[in-house]
Amino acid sequence: MSAAEPEAADDPVVGELTSQILRRIEADTNGDAAAVLDDETLVVGRRLWEAVGSGEHPVPLETVVVLGTLHWLRYLRLPQDTDSTDLATALHFYGRLSMNHPELVPRRIRALIEATEAAQSNAAAMMSRADDLLTRAKGNDDIVLADTAIDIVRLVRLGVPQGHAARARVQGLLAVALSFRAERTGRPADADAAVDVARDAVPPKEADADSYRSARSHLSTALISRYKLTGEFADLTEGVELARTVAGESSNEADPSFAMFLSNLAGGLINLYKVTGEPALLEEAAQTGRRAVAQSSGSLSALGNLAGALKARFELFSRRADLDEAIEVVGRAAQVCPPRHPDHRVLVANHVDLLTTRAGPGDLDAAVATGRRLLDITPAGHPDRPQAAANVGLALRTRYAQTGQSGDLHDGTALEREALEAVEPGLPRWAALSSNMARAMTERFIAHGTPSDLHEACRFAQAAVAATPHGDPSRARRMQGLADLLERRSAAGLDAGTDVTDALRLWDESSQAAASPVRTRVRSAVRGGLWAMTEIRDPEQALGCFTRAVELLDRLAWRGLERSDQERALAEWTGVTTDAVAVALTCGSAEDGIRLAEQGRAVLWSQLLNDRTGLAELRSRAPELVDRLSRISAELG
């Protein structure tokens with residue numbers, strides 16, 4: 001094709017055909033993607049190209065722009081997992097246009113033209129260029145660079161047919177790039193395409209072992225990434241199983257990829273635990289995370305996943321050392337992570353959350369200050385904004401509970417509402433944000449006494465429980481939160497009619513949620529017992545709740561904790577045994593009273609006697625094995 005001429009064509013046929021395409025482009029701009037994708041559009045485009053001489057004569061500038069735009073829009077609208085000759089056709093037109101009118105070429109296309117020219121259309125060089133751009137995109141959180149990397153890889157793929165040896169590498173890099181873009185933009189279409197592309201990239205099992213492992217690792221990452229976006233449990237289970245298999249097959253620990261395999265597995269295990277509540281998954285995640293950190297010399301992803309496992313383990317077992325270590329690990333990762341790296345915001349948000357959880361001297365002030373800096377660099381609409389806003393809001397509310405600063409309550413509630421409104425209902429984190437809003441509105445009711453705040457808190461809490469599946473470790477805590485609100489509403493004389501009985505049902509169900517943290521279950525059992533005695537006037541039901549509370553004390557002070565942590569855990573519930581015995585006597589069951597007294601007052605003594613069965617000697621030789629045995633015993637108990 002000759003260089004485009006600046007003037008428009010006078011041919012009425014050319015003018016009419018150009019108008020038809022422009023109308024279709026305008027329809028696409030208004031949301032009708034089918035306007036540029038149907039076959040008739042291509043027919044009109046070919047007729048226009050033929051009408052201007054098919055490139056044998058100088059082509060009007062308007063024609064070049066219109067046809068370039070048409071094929072570029074078609075490329076953008078077609079599925080990312082399919083080859084698209086529209087990409088090459090669009091570059092054909094825009095490449096000529098860039099010679100004389102570069103200002104008419106969109107930035108993304110200019111970047112693609114420059115990248116392909118720098119690689120001189122050599123496939124290997126183009127792949128290297130795309131890999132470099134993707135690395136820079138991750139480091140600078142630049143979606144345009146990721147777009148360009150994807151465009152280059154798709155352009156290379158046009159020349160690599162199915163079955164070719166290079167196809168797997170091309171598809172693997174495209175899957176990684178699409179997963180990254182899906183995480184940054186929240187577009188499900190990219191996540192779907194990443195999975196399809198990664199699945200296509202897996203070579204036959206008899207192929208090169210390294211290529212086979214790498215391709216399945218990419219598929220695992222794409223599946224877990226899509227789960228985070230859509231909440232599809234099947235993606236998570238398949239992704240974790242793939243990651244576990246790939247890590248188990250890797251025997252060369254000197255290979256840099258081995259650390260990546262371990263880190264991916266640790267992250268997947270944490271996500272799987274959050275859904276299933278299986279404590280063994282946390283232990284596996286922590287051990288895998290430590291290996292990943294050691295193998296990678298402290299990579300960001302490995303540090304982040306290790307911290308996530310430690311935090312979850314603290315929430316489950318109340319082991320303070322886990323929380324302290326998690327704060328140290330995340331703080332270290334946030335310090336070494338470049339400010340423009342996409343993981344920087346996530347790490348800082350996690351640091352804010354962990355400091356808020358510990359809430360020790362200076363922790364909350366540090367959490368608020370760090371969180372506000374994070375919000376300053378995370379604009380509205382950014383995919384990391386909801387979590388950042390939620391974490392800072394929680395830090396402010398927690399500080400309000402300690403200091404009574406009304407401004408903290410106002411600002412914290414506003415940020416948590418912003419976070420909730422930015423997340424689509426049905427996604428996993430929506431339930432957590434709804435639960436947070438329930439607590440925020442409760443604190444507003446306590447501060448101001450406005451009934452509408454309490455009713456709104458109940459609605460948020462009910463929505464959170466409804467959106468949390470059975471077996472999720474968070475379900476018990478959210479049911480407990482709703483029960484607390486119903487009790488508060490009843491005490492305020494605003495009972496909706498069934499608040500008293502609904503509260504007892506929620507406490508009872510919460511105390512029996514086996515996957516949930518023991519502290520949560522004990523609290524629910526105790527509150528249920530007290531409620532049954534004072535409001536329902538049913539001593540038998542109260543005895544059932546208190547019996548469950550006493551039986552859980554051994555798991556509360558589980559053998560894997562340090563002695564000081566065990567004592568601190570039991571000190572929170574010093575009156576439980578006494579109350580349980582009193583309720584048993586009220587029911588006329590002295591036998592139950594004696595049994596509960598012995599069981600509740602001798603938790604640590606019973607454990608000490610059990611430790612004399614050989615575990616003491618074993619601990620001196622293999623303390624990690626004893627901890628594991630104790631953990632399994634606690635889980636089974």
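Here's what I pulled together on the structure shown here. Remember, predicted model here, so these are calculated numbers, not experimental data.

1. Description of the overall build of the protein chain
Then comes step 1: Helix and strand counts for the protein chain stand at 32 helices and zero strands.
Then comes step 2: Here the protein chain holds 637 residues, and the buried ones make up 50% of them.
Then comes step 3: Across the protein chain, contacts joining residues at least 24 apart in sequence account for 63% of those joining residues at least 6 apart.
Then comes step 4: Counting every atom, the protein chain has about 28500 Å² of accessible surface; 51% of that belongs to carbon and sulfur.
Then comes step 5: Looking at charge distribution, the protein chain has the averaged site of its 71 positive side-chain charges lying 4 Å from that of its 90 negative ones.

2. Digging into the nonpolar core
Then comes step 1: Residues Val240, Leu485, Val526, Trp573 and Leu596 are the most contacted members of the largest nonpolar core, which totals 106 residues.
Then comes step 2: Looking at which element gives the most residues to this core, the answer is helix α15 (residues 300–317), with 11 residues.
Then comes step 3: Not counting the four nearest positions on each side in its chain, valine 240 is found in contact with Ile224, Leu265, Gly268, Leu269 and Leu272.
Then comes step 4: Counting residues in each nonpolar core, the second largest holds 60 residues, with Ile25, Tyr94, Leu174 and Ala175 among its members.

3. Focus: helix α9 (residues 167–185)
Then comes step 1: Along its 19 residues, α9 runs 27 Å from first to last C-alpha, staying within 8% of the 27 Å computed at 1.5 Å per residue.
Then comes step 2: Of all 19 residues making up α9, 14 are buried, and the element is well covered by its neighbours.
Then comes step 3: Downstream of α9 by a residue or two, glycine 186 has a phi angle that is positive, lying close to 75 degrees.

4. Topic: the packing of α15 against helix α17 (residues 342–358)
Then comes step 1: Relative to each other, α15 and α17 sit at 25 degrees, their axes nearing to 11 Å. Between α15 and α17, the angle is such that the two are roughly parallel. Here α15 and α17 pass one another in a crossing that is left-handed. Where α15 approaches α17, its residues Leu300, Gly304, Lys311 and Phe314 are matched on the opposing element by Asp343, Leu347, Asp353, Leu354 and Thr357.
Then comes step 2: In terms of residue class, the contact of α15 with α17 is made up of four nonpolar, two polar and three charged.

5. Things to note about the side chain of arginine 521
Then comes step 1: As for its position among the elements, arginine 521 is in helix α25 (residues 518–536).
Then comes step 2: When near neighbours in sequence (up to four residues on either side) are disregarded, arginine 521 contacts Ser510, Ser511, Gln512, Ala513, Ala514, Ser516, Leu552 and Arg555.

6. Some points on the packing of aromatic side chains
Then comes step 1: For the structure shown, the criterion picks out three aromatic pairs.
Then comes step 2: With centroids separated by 5.2 Å and ring planes inclined at 40 degrees, the aromatic side chains of tryptophan 72 and tyrosine 75 adopt a geometry described as tilted. Of the two residues, tryptophan 72 and tyrosine 75 both sit in helix α4 (residues 61–77), three residues apart, roughly one turn of that helix.
Then comes step 3: Ring geometry for tryptophan 507 and tryptophan 531: centres 5.7 Å apart, planes at 65 degrees, overall edge-to-face. Remark: tryptophan 531 occurs in helix α25 and tryptophan 507 occurs in helix α24 (residues 499–511); sequence separation between them is 24 residues. Summarising the burial analysis for this pair, tryptophan 507 and tryptophan 531 share the class buried.

7. Some details on the pattern of salt bridges
Then comes step 1: Going through the model one piece at a time under the given rule, you end up with 42 salt bridges.
Then comes step 2: With a closest N to O distance of 2.8 Å, arginine 489 and aspartate 499 form a salt bridge. Here arginine 489 is found in helix α23 (residues 475–491), whereas its partner aspartate 499 is found in helix α24, with 10 residues between them in sequence. For the pair arginine 489 and aspartate 499, one class covers both residues: buried.
Then comes step 3: Overlapping salt bridges, with partners in common, bring together Arg108, Asp147, Asp151, Arg181, Arg187 and Asp190 in one network.

8. Overview of the packing of α24 against α25
Then comes step 1: As a packed pair, α24 and α25 sit with axes 8 Å apart at the nearest point and diverge in direction by 150 degrees. Between α24 and α25, the angle is such that the two are roughly antiparallel. Once α24 is placed against α25, the crossing between them reads as left-handed. Residues Val500, Thr501, Ala503, Leu504, Trp507, Ser510 and Ser511 of α24 lie in contact with α25, whose contacting residues are Thr520, Arg521, Ser524, Ala525, Arg527, Gly528, Trp531, Ala532, Glu535 and Ile536.
Then comes step 2: Looking at side-chain class alone, the contact of α24 with α25 contains eight nonpolar, six polar and three charged residues.

Rules of the game
Residues numbered from 1 in each chain as written. Predicted model: local features only at pLDDT ≥ 70, side-chain atom pairs only at ≥ 80, totals over all residues. Heavy atoms only, no water. Helix = DSSP H or I, 4+ residues; strand = E, 2+ residues; numbered from the N terminus. Buried < 20%, exposed > 50% of the residue type's maximum accessible area, 1.4 Å probe, protein only. Contact = heavy atoms within 4.5 Å. Areas by Shrake-Rupley, 256 points an atom, 1.4 Å probe, with all protein chains shown as cover. Lys, Arg positive; Asp, Glu negative; His and termini not counted. Charge placed at Lys NZ, Arg CZ, Asp CG, Glu CD. Core = buried A, V, L, I, M, F, W, Y, C linked by side-chain atoms within 4.5 Å. Expected span 1.5 Å × (residues − 1). Axes fitted to C-alpha atoms, helices over the stretch in contact; angles between N-to-C directions. Parallel < 35°, antiparallel > 145°, perpendicular 65-115°, else oblique. Left-handed = near helix turned anticlockwise from the far one by under 90°. Nonpolar A, V, L, I, M, F, W, Y, C, P; charged D, E, K, R; others polar. Phe/Tyr/Trp six-rings, centres within 6.5 Å; stacked < 30°, edge-to-face > 60°. Salt bridge = Lys/Arg side-chain N within 4 Å of Asp/Glu carboxyl O.

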